[in-house]
Amino acid sequence: MIKKFAWGAFAAAVAFSFVTPQTASAQSAQDLINDGSDPTSILTYGMGYGQTRHSAMNAINLDNVSRLRPEWTYSLADSRGQETFPMIHDGKMYVTTHAATMALDLATGMQVWKTIVEYPAETPRVACCGIVNRGVALYEGKVFRTTLDAHVVALDAATGAEVWRTKSIDFKDGYSMTVAPLIADGVLITGISGGEYGIRGYIEGYDPNTGERLWRTYTIPAPGEPGSETWKDGGDAWKRGGGPAWLTGSYDAELNTVYWGTGNPSSWNAGLRPGDNLYASSILALDPKTGAMKWHYQTTPNDPFDYDTTNELVHAEIDGRKVIMQANRNGFFYILDRETGELVAAPKFIDKVNWADSIDLTTGRPVETEVATKARAGEEVNYWPSALGGKNWSPMAYNPNTNTVFANTNVIGMNYKAVEPQYRPGVFYFGAEFSWDWPEGDRGELRAFDPVTGELKWKDGVAIPRYSGVLSTDGGLVFTGNMTGDFEAFNAETGEKVWSYNTGSGIVGQPVTWERDGKQYVTIANGVGAVYTLFSGDERLASVPTGGNIWTFSVVE
Amino acid sequence: MIARTARILCAMLVLFGAPVFADDAAIFKKAESTYKMFCAHCHGPKMVNPGTSSFDLRKWPKDNKEGFATSVLKGKGDMPAWGDILLPEELDLLWHYVKTRAGKEPEPFDSSQAVPPPQKDTPIEQAKAQLKTPGTLTACLAKNGGVMSSRRATGGAGMDYEVAAALAAELDMPLDVRWFESEQEEESTPIREIYALLAYEVCDIVPGFALYETSLSAFYQTRAALPRWDTKPDHLGMEFQVDLEPISVTDPYARMEMGVVYRTADLDRSIEKIADMEGLKIGVEQGTLAGVLTLRQGTEAMALDAVTLNPGPDFLWEMEQGSFDAALVTVGAYDFHKKQNFISTLALDEYRHPLGFNISVAMLGRKKAMRDVFDPAIARMIEDGTLQDLADKSQYTYAKPRQPWVQAHLTMQTIISMR
């Protein structure tokens, strides 16, 4: 009894000492909802819960962008691909690599703290597409991240000290995590990677204070669960049915709904898993507190092509209707009603798509060509876009004022033939043989287009496709980076390249913009690597060295 | 057609365990798909890659199969090791792919044993590879475990400590101990705490693990709190919970038994069952198995006259003071009392209750390679008297483990009938 009493008193004292200083610097739930309206901080992945990556700042603009120069640089001391999304709060910038989490002084770029992430040396075996990490979430004085070996970690934002660490699952069975977590309605939400390793995908909610797992929603139903009727093989294909959830979802606080995309069903051999294979290649609307599914929409039923539907779900209002928009790997641009999941529009956003002619707006299903039928039947096919997608993970920007989407797209096809997969834990479970079909000219295009019609406004072709995120600003500018190291700015109206600066290593990071003491800055991570570098074997990159840095730019007078 | 042949061959390969290839094309096809399955996503399609973030395999010398095997099986720099996944045939196929420069420079298939097939690591090497801190065996031991384990200024003492040290010596390694102390929270039981310590990898092994049905199976799907230990980080509060994992145990090295302790002057009979204590004033440790057995298997008269006290070190001290004359207690509790009180009037009868628990060493299920080293060592140490010597050194009355290794679930029926 005495022991208990003493403990209780101690706990109360500890709680007290934490609460007082925090109220000054907390990123409360309300702060997160307001993110995007205060230019001095970046508190949510994608610059606002709606992930538009559009900023109302215009101090850097068409008139002065030519005078954009580096303000400071910070070495990430790492040679992998750098995809981190920089977060900003209270004078500090928070960035990640697969191997460390860092807080930097916003004014100088000097390191405030660095906390190493340790994971077993075999872990990279289960990372198909790059040893990467996409950044942190901030909430109430803590910094949250995921690790390659599928742990979720909370650090003290002031010191970097580990507060808790929870294992999600055993990486040896092909599971990994690269996602930046999302805080929604006070719950820390993450998704799993591993779609090429025969996993069963899921999205999870954690208590940000304790690391306790609150819920796990599998993206592939077990027999008897809703959706299981779309797995008609009658066997246990669902156990290795894929449906990873490796990119951060968005959140509508008013509807209190989280939107999260899921990846391909596995193996790729669709003939072996007859049925639509819910909820792979789908967009899910979830209750953040329970993980319960409010609605779902599947983009590619019985997908044979690795058409992940994980890409970012950007919020917009179109004709007074709240929607989410996604540039899907499969070449179509989906616009769905945020409340009901109803399909509003689905134009093509790239030039060459041959697996389907269109998306039927009444049924919501693709009108497929014989390419899809043949692929399922095990015949060799040449399909467009390739498994890399019309657009891969690199997030697009949406300017709501001009109703324009800016996205880095691929011009790549694929030769493909389904074969019998062999399951071995932690080893690729493709069930297909494939090779790339490269075009004669440019393999990538930065495209500006109308989301509803897909109508192209302009494009900027590039020999080696861009895999960096895009940022749009009211300064009339669009920022992105290319694989050979240029950080670039385009005229948002005309597509003319108005500025670029070579950062010394290729860019696959995510640009952000922010303000400090009344001055506007732009930040991006460089560091070549990840999926294109690994899978393409593009030897033109031989002269682009690895090595990541955080680059921050501002206009010089 | 070629693909079909390859598939049939592949099936044969599985059946006979040795590569039998009909023609070069089929071999190459198989080599290519093996390369794609394991290596292409880092080394590039057809081994073409920019060479900036991994090695350019086209440059690997054609006469160095052995170096290739070593790097691939054991890993090198940023490249993970593949030895635990690849089949021996697959290594030969990968070598074929590299040596033929992805088929551009044909060469005969080389399945010669020029490279010894990847040797399985010896049990000791496998066990070593699983240790939490390379080069050290880390054990969790109870800080106040009486004659079983207790902390000293340097190292420790007690039977479980000695056993841990002996097992570390089997691996030819020093022992490091995490001394833990039970939180004695309502929901936590000692067994759950041991599961939590292992799952959080506070240590590699926990000696002193009693084998009974539920201790081996009941917990791993849940979560549990960690007890305190000497180097526990401050930020891991009491509310912190760990996902439990299945555990594995060694063969037992000792047996925990219950015996009758009496005041020297008082025992005037030979005891063969609990009821034989009738006529003596009996002490009962409340809520313990020994206490329940005393009440259930003793006579009614004994029970009526018994003194019931809280369990713990004070219990035998009360007996020393004359509160009662005899009691059934765990032998270890008696040993500890004797150790604490050199001058004691208490004695332990030779009688042992048939119900007892074998004691083994627990570890995570996925680290059970250690068992392959520890099981034979334990058998040997029982056989050659090492464990008896360690017990003597610890002032612990040793009993060898007895079959069945794992005590079945205890029902009231067993408690009444097992005399």
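Quick caveat, the model's predicted, so the values are computed rather than measured.

## Thoughts on the overall build of chain B
Broken down by element type, chain B carries 16 helices and 16 strands. Residue burial in chain B is summarised as follows: out of 419 residues, 49% are buried. At a minimum sequence separation of 6, the contacts of chain B that also span at least 24 residues come to 72%. For chain B, the exposed area adds up to about 19900 Å²; of that, 54% sits on carbon and sulfur atoms.

## Focus on helix 5 (residues 88–99) of chain B
All names here are of chain B. Compared with an ideal rise of 1.5 Å per residue, which puts 12 residues at 16 Å, helix 5 spans 17 Å between its outermost C-alpha atoms and is within 8% of the ideal. With 11 of 12 residues buried, helix 5 lies mostly within the body of the structure. Among the residues of helix 5, those classed as buried are E89, E90, L91, D92, L93, L94, W95, H96, Y97, V98 and K99. Immediately beyond the C-terminal end of helix 5, within one or two residues, lies R101, with a positive phi of roughly 50°.

## Concerning the sheet that holds strand 27 (residues 404–410) of chain A
Residue and element names in this part refer to chain A. The strand order 26-27-30-31 describes an open sheet built from 4 strands, whose pairing is antiparallel. At either end of the open sheet lies a strand with only one pairing partner, and these are strand 26 (397–399) and strand 31 (456–462). This sheet shows a mean twist of 20° between the axes of neighbouring strands, independent of strand direction. Strand direction decides the pairing type here: strand 30 (residues 444–449) and strand 31, joined by 6 bridges, are antiparallel. Residue pairing across strands places A448 opposite W458, the latter belonging to strand 31.

## Overview of the state of the cysteines
Counted by the stated rule, this structure contains 2 disulfides over all chains. Two residues share a disulfide in this structure: C128 of chain A and C129 of chain A, whose sulfurs sit 2.1 Å from each other. Here the S-S torsion is close to -100°, and the disulfide linking C128 of chain A with C129 of chain A is therefore left-handed. A relative accessible area of 27% places C129 of chain A in the partly exposed class. C42 of chain B supplies the cysteine sulfur nearest to C39 of chain B, a cysteine that is in no disulfide, at a spacing of 8.8 Å.

## So, the side chain of T248 of chain A
All names here are of chain A. With respect to the helices, strands and loops of the structure, T248 is situated in the loop between strand 14 (213–218) and strand 15 (250–252). At a separation of 2.6 Å, a polar atom in the side chain of T248 contacts the main-chain carbonyl oxygen of A180. Not counting residues up to four positions away in its chain, the partners in contact with T248 are Y45, Q51, V179, A180, P181, L182 and W260.

## Quick look at the packing of aromatic side chains
All names here are of chain A. Evaluation of the coordinates by the stated rule reveals 49 aromatic pairs over all chains. Taking 6.1 Å as the distance between ring centres and 80° as the angle between the ring planes, the aromatic pair formed by F332 and W355 counts as edge-to-face. Within this pair, whereas F332 is found in the loop between strand 20 (321–327) and strand 21 (333–337), its partner W355 is found in the loop between strand 22 (343–345) and strand 23 (356–359), the two being separated by 23 residues in sequence. A relative accessible area of 1% places F332 in the buried class. Ring geometry for W499 versus F553: centroids 5.4 Å apart, planes at 80°, classification edge-to-face. With a gap of 54 residues between them, W499 in strand 35 (residues 497–502) and F553 in strand 38 (residues 549–555) connect regions that are remote in the sequence. Here F553 falls in the buried class, since its relative accessible area comes to 0%.

## Re the interface of chain A and chain B
Contacts between the two partners involve 40 residues from chain A and, on the opposite side, 40 residues from chain B. By the criterion of area lost to chain B, the three top residues of chain A are R125, R424 and L534 of chain A, representing 20% of everything that side buries. At the surface where chain A touches chain B, the tally comes to 7 salt bridges. The closest approach of N and O atoms between K29 of chain B and E433 of chain A, which form a salt bridge, is 3.0 Å. Our count for the contact surface shared by chain A and chain B stands at 7 residue pairs in polar contact (both at pLDDT 80 or more). Listed by contribution, the elements that provide at least two residues to the side of chain A that touches chain B are helix 1 (2–25), strand 10 (162–167), strand 29 (432–437) and helix 4 (531–536) of chain A. Here the side of chain A that touches chain B takes 6 residues from strand 10 of chain A, the largest share from any one element. Looking at the side of chain A that touches chain B residue by residue, the class counts come to 16 nonpolar, 10 polar and 14 charged.

## Some points on the pairing of strand 20 of chain A
Residues and elements named next belong to chain A. Within strand 20, 5 of the 7 residues are buried, which leaves it mostly tucked inside the rest of the structure. Across 5 bridges, the pairing between strand 20 and strand 21 is antiparallel. Across the sheet, the residue bridging to V323 is D337, located in strand 21. As consecutive antiparallel partners, strand 20 and strand 21 are separated by 5 residues, and within that stretch G331 has a phi angle of approximately 100°, a positive value.

Definitions and limits used
Counting from 1, residues in each chain are numbered in the order their sequence is written. Each chain is given a letter, starting from A, and each ligand a number, starting from 1, according to the order in which they appear as written. The model is predicted, so local features are restricted to residues of pLDDT at least 70 and side-chain atom pairs to those at 80 or more, both for listing and for counting; the totals for chains, interfaces and linings are taken over all residues. As a convention, hydrogens and water are excluded, and side-chain values are obtained from all of the structure's heavy atoms. The helix count covers DSSP runs of H or I at least four residues long, the strand count covers runs of E at least two residues long, and both are numbered beginning at the N terminus. Partly exposed residues are those whose accessible area sits between 20% and 50% of the maximum for their type, while under 20% is buried and over 50% is exposed, using a 1.4 Å probe and protein chains only. The contact definition used throughout considers only heavy atoms, calling two residues in contact when any of these lie within 4.5 Å. Accessible surface area values rest on a Shrake-Rupley calculation with a 1.4 Å probe, where residue burial reflects the displayed protein chains alone. By this rule the span expected of a helix is its residue count minus one, scaled by 1.5 Å. DSSP bridges decide pairing: two strands pair if at least two such bridges lie between them. Only the stretch in contact is used when fitting a helix axis, every axis being a line fitted to C-alpha atoms; angles between N-to-C directions are given from 0 to 180 degrees. When two cysteine sulfur atoms are found within 2.5 Å, that pair is recorded as a disulfide. In protein, a polar contact means a hydrogen-donor-capable atom and an acceptor-capable atom, both N or O and within 3.5 Å, with residues adjacent in sequence counting only if both atoms are side-chain atoms; elsewhere, any N or O pair within 3.5 Å suffices. Two rings from Phe, Tyr or Trp (for Trp, the six-membered ring) form a pair when their centres sit within 6.5 Å of each other. Planes less than 30 degrees apart are called stacked, planes more than 60 degrees apart edge-to-face, and all others tilted. A 1.4 Å probe defines the accessible area here, and the buried area is the portion of it lost by two parts on being joined, summed over both. Take a side-chain nitrogen of Lys or Arg and a carboxyl oxygen of Asp or Glu: if they are within 4 Å of each other, that pair is a salt bridge. Residue polarity follows a fixed list, in which Ala, Val, Leu, Ile, Met, Phe, Trp, Tyr, Cys and Pro are nonpolar, Asp, Glu, Lys and Arg are charged, and the others, Gly among them, are polar.

Shape descriptors only; they carry no functional weight alone.
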